[in-house]
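Architecture at a glance
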Amino acid sequence: MSATITWIRHGTCADGFHRPEAHARPRSLLTRLGARQAERAAQTLRKSGLTSGVIASSTLLRARSTARIVSELTGLTLSPADSTFDEWRAPTCVLGRSPAQYPDAYVEWRSRRTTDPKSALPGGESLVEFHGRARRAMAAAELLAEAGAPVVVVSHRLLIGAVAAISAGTDDPVAVFNHARHFELRPAEAWTHEKRGTPYAPA
């Protein structure tokens, strides 16, 4: 029987702190606030009795750093980072930029991405590609859990939101992405499969 899988959003990174409305850049570092959030997440896991098992993360620095802190404070075995757990890849042209700074090409693409879900801008991921990767992320986490030990995955809001939507029975790429966009999960907060259908909001 597979063990429980706990998904945790990474702690606050520099871009998330200074540009909260922007798409964080891949190499944005975890802040001191983010480290404290990771420590609190570790404390919560310990209080719940989760002190053995595996912790995996995306390859992005903010997630890897969060996972390392949680591993050190809980005793969870740190697995190699896996790009399957990375955040939705926003186009290069908007990384680190606030909505007021979005280029016209991105604004135009956003207006049609739900009618053309296979489309993407340079460096970015289409809604169809994101949906497929979210399903692969779920499979990767379930594979880790097959050993019977608890699994913790440190990932990102949109990716975890997509996992939550698919777990609740939504499987259309556009609907999954819309649910992910409205998914509410604070930095270093956890979501588990037992929370099927929440806390994302309907599109």
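Just so you know, these numbers come straight off a predicted model, no measurement behind them. (Residues numbered from 1 in each chain as written. Predicted model: local features only at pLDDT ≥ 70, side-chain atom pairs only at ≥ 80, totals over all residues. Heavy atoms only, no water.)

Here we look at the overall build of the protein chain
Selection rule: Numbering goes from the N terminus for both helices and strands, where a helix is a DSSP run of H or I of at least four residues and a strand is a run of E of at least two. For the radius of gyration, the atom set is restricted to C-alpha positions; the globular benchmark scales as 2.2 Å times the number of residues to the power 0.38. Exposed residues in this analysis have more than 50% of their type's maximum accessible area, buried residues have under 20%, and partly exposed residues fall in between, with area computed by a 1.4 Å probe over protein chains only. Working rule for contacts: check all heavy atoms of both residues, and any pair within 4.5 Å makes them a contact. Surface accessibility in these figures is a Shrake-Rupley result with a 1.4 Å probe; residues are shielded only by whichever protein chains are displayed. When charges are counted, Lys and Arg are positive and Asp and Glu negative, with His and the chain ends excluded. Here the site of a charge means atom NZ of a Lys, CZ of an Arg, CG of an Asp or CD of a Glu.
Looking only at helices and strands, one finds seven helices and five strands in the protein chain. Reading the protein chain from its N terminus to its C terminus gives the helix and strand order β-α-α-β-α-β-α-α-β-α-α-β. By the compact-globule yardstick of 17 Å for 203 residues, the protein chain fits well, its C-alpha radius of gyration being 16 Å. Seen through its C-alpha atoms, the protein chain measures out along the principal axes to roughly 50 × 35 × 25 Å. Counting over 203 residues, the protein chain shows a buried share of 50%. Taking as baseline every contact in the protein chain between residues at least 6 positions apart, the subset at least 24 positions apart corresponds to 71%. Only carbon and sulfur atoms are counted for the fraction: they give 51% of the accessible area of the protein chain, which is about 9800 Å². For the protein chain, the separation between the mean place of its 26 positive charges and that of its 19 negative charges on side chains is 6 Å.

Notes on the sheet that holds strand β5 (residues 190–192)
Remark on secondary structure: sheet strands pair via backbone hydrogen bonds, oriented parallel or antiparallel. Rules: At least two bridges found by DSSP between two strands is the condition for calling them paired. Axis geometry follows a simple rule: fit a line to the C-alpha atoms, using only the stretch in contact for helices, then measure angles between N-to-C directions, giving values from 0 to 180 degrees.
In space, the five strands of this open sheet follow the order β3-β2-β4-β1-β5, with mixed pairing throughout. Edge positions in the sheet fall to β3 (77–78) and β5, since each of these pairs with one other strand and no more. Inspection of the sheet shows strand β1 (residues 5–9) paired to β5 by three bridges, in the antiparallel sense. The residue bridging Trp7 from the neighbouring strand is Trp191, located in β5. Across the sheet, helix α5 (residues 127–145) touches β1, β2 (54–57) and β4 (151–155), and the angle it forms with β1 is around 130°. Lying over the sheet, helix α6 (residues 157–167) contacts β1, β4 and β5, oriented at roughly 145° with respect to β1.

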